[in-house]
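# Structural features, examined
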Amino acid sequence: MAGTHILVINAGSSSIKTALFDGDLAEVLRIEATGIGGIGAVKTGAASEPADLPDNAAALAAIIDALSRQGIALTSLRAVAHRVVHGGTALTAPHRITPAIRQAIVDCIPLAPLHNPHHLAAIDAVSALAPDLPQCASFDTAFHATIPDLARRYALPDRPDLAGLQRYGFHGTSYAALVRNLPQQSGTLPKRLLAFHLGNGASACAILDGQSVATTMGYSPLSGLTMGTRVGEIDAGAVLRLVRQLGLDQTETLLNHHSGLLGLSGISSDMRTLENSDTPKARFAIDHFCYWAARQAGSLIAAMGGLDAVAFTGGIGENSALIRTAVLDKLSWMGKFPSYTVAAQEEIQIAGEANALLTT
Ligand code: ADP
């Protein structure tokens, strides 16, 4: 008999986060493995235990073990649903994972070398343990498939060797969930909605009539807003100089892991820590974050031809009134508009998308 529960897996480089949903799509349990690459931890609900997690395979095995200790065998699930960061131009909707879809995710590895290999490792590990279990994938890029060419293209020549160098946009699952859930607060969905997903990664999106028409992230999740450790918007000329000065690998590490709030503050990538710090550099990092969120929002507002409402989600967006107020203050030139705070619901969005795929 087919199972009822859907396990959502978000496999990253240093952590694998999972959420289990029952047949009514109610979340029943979260299991997370963190600190992959050494002595990490497996957290089941509120209980956390240290665990030796040398690699992703060990982390996934530890999660499946923790799941079975809760009385749920992997093979008894209805499905596993994966968050996949990059679907490229081919994967613009959720899909049941078939050999062809798996290959399409492989084909996107050059677009997301830091992300897609981890998703594939999790997909393959589940296939090996439970070959008959249906697996689905939701893509972070998919929500942005509606972005028009004018907003999507870089001003590069139209050459075959440059194919794929375009803006994709990310955090799509979060924005899709926001579009679905916001009407519970707003009544109808605002026509011209400026949405901010502010977490460790941060982006903003112009949502016109429920569809993405522009977003701050581009070819990769590195561009756009100032982030926890990512640099956000930076002149390509500066990147070229860094590559000459530091080499490719060090530049990649600098821009992805040592920049943003961490780089500016010299203290932390964590907004809560910065808010609790009184150093001038921490203050500057917060101001930089808010200033650039508002500045880039201006561009998104232009892309929608105006603004009817703002919505915030993500760890910072949901929890920091200080940041929300600072960003909204910098948008007060737009006149009066409602603003909303929406809990990030990426996991249930992914479970719902898998459920829809399995029911049709
Ligand atoms: P991720 O992008 O990794 O999913 P989250 O969406 O959980 O991350 O966001 C993490 C960020 O949210 C961190 O910078 C954290 O400090 C911040 N955050 C969480 N709670 C608060 C709070 N109460 N005040 C300010 N920042 C907060």
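Please refer to the structure higher up on the page.
Nothing here was measured: the structure is a model prediction, and the numbers come from that model.

Definitions and limits used
Residues numbered from 1 in each chain as written. Predicted model: local features only at pLDDT ≥ 70, side-chain atom pairs only at ≥ 80, totals over all residues. Heavy atoms only, no water. Buried < 20%, exposed > 50% of the residue type's maximum accessible area, 1.4 Å probe, protein only. Helix = DSSP H or I, 4+ residues; strand = E, 2+ residues; numbered from the N terminus. Contact = heavy atoms within 4.5 Å. Axes fitted to C-alpha atoms, helices over the stretch in contact; angles between N-to-C directions. Parallel < 35°, antiparallel > 145°, perpendicular 65-115°, else oblique. Left-handed = near helix turned anticlockwise from the far one by under 90°. Near = heavy atom within 4 Å. Polar contact = N/O pair within 3.5 Å; in protein donor to acceptor, adjacent residues only side chain to side chain. Areas by Shrake-Rupley, 256 points an atom, 1.4 Å probe, with all protein chains shown as cover. Nonpolar A, V, L, I, M, F, W, Y, C, P; charged D, E, K, R; others polar. Phe/Tyr/Trp six-rings, centres within 6.5 Å; stacked < 30°, edge-to-face > 60°. Pairing = 2+ DSSP bridges.

### A word on helix H5 (residues 172-181)
With nine of its 10 residues buried, H5 lies for the most part within the structure. Gly172, Thr173, Ser174, Tyr175, Ala176, Ala177, Leu178, Val179 and Asn181 are the residues of H5 that are buried. Looking at the buried side of H5, the elements it contacts are strand S8 (135-139), helix H6 (183-186), strand S9 (192-198), strand S10 (202-208), strand S12 (309-313) and helix H14 (346-359).

### A closer look at the packing of helix H7 (residues 236-246) against helix H8 (residues 248-257)
Interaxial distance between H7 and H8 falls to 7 Å at its minimum, and their mutual angle equals 130°. As summarised for this structure, H7 and H8 are arranged oblique, according to the angle between their axes. For the pair H7 and H8, the sense of crossing is right-handed. Note on element contacts: H8 touches H7 through Leu248, Gln250, Thr251, Leu254 and Leu255, opposite Val239, Leu242, Val243 and Leu246.

### Concerning the site of the ligand
Around the ligand sit 13 residues, and of these Asn200, Asp270, Met271, Arg272 and Gly315 come closest. Between the ligand and Arg272, the relevant distance is 3.0 Å, taken from an oxygen atom to a main-chain nitrogen or oxygen of the residue. The side chain of Asn319 places a nitrogen or oxygen atom 3.4 Å from a nitrogen atom of the ligand. Here the ligand has 580 Å² of accessible area as a free molecule, and 72% of this is covered by the chains. Every element with two or more residues in the shell around the ligand is listed here: helix H10 (271-275) and helix H12 (314-319). A per-class count over the shell around the ligand returns two nonpolar, eight polar and three charged.

### Some words on the environment of Leu358
Within the fold, Leu358 resides in helix H14. Separated by 262 residues in sequence, Leu358 and Arg96 have C-alpha atoms that sit 8.0 Å apart. The residues contacting Leu358, other than those within four sequence positions of it, are Arg78, Ala79, Arg96, Pro134 and Cys136.

### Looking at the packing of aromatic side chains
Enumeration over the complete set of coordinates arrives at four aromatic pairs. With centroids separated by 5.1 Å and ring planes inclined at 80°, the aromatic side chains of Tyr291 and Trp292 adopt a geometry described as edge-to-face. For Trp292, a relative accessible area of 22% translates into the label partly exposed.

### Some remarks on the sheet that holds S10
The sheet built from five strands is open, its strands ordered S11-S10-S9-S12-S13 with mixed pairing. Both edges of this open sheet fall to strand S11 (211-215) and strand S13 (339-341), since each of them pairs with a single strand only. Geometrically, the sheet is characterised by an average inter-axis angle of 25° between neighbouring strands, direction not taken into account. Looking at chain direction, S9 and S12 are connected through five bridges and run parallel. Note on S12: the bridge partner recorded for Ala195 is Ala311. Along the sheet, H5 contacts S9, S10 and S12; its crossing angle with S9, the most-contacted strand, is approximately 130°.

### Structural notes on the sheet that holds strand S7 (residues 95-96)
The mixed open sheet is built from eight strands, whose spatial order is S5-S4-S3-S2-S1-S6-S8-S7. Looking at which strands have only one partner, the edges of the open sheet turn out to be strand S5 (47-53) and S7. The pairing of S7 with S8 spans two bridges and is classified as antiparallel. Following the sheet pairing, Arg96 is matched in S8 by Cys136. Contacts between helix H1 (residues 56-69) and the sheet are confined to strand S1 (6-11), strand S2 (15-21), strand S3 (27-34), strand S4 (38-44) and S5, with S2 contributing the most and set at about 25° to the helix. Contacting S1, strand S6 (79-84) and S8, helix H3 (residues 116-129) crosses the sheet at an angle of about 170° to S6.

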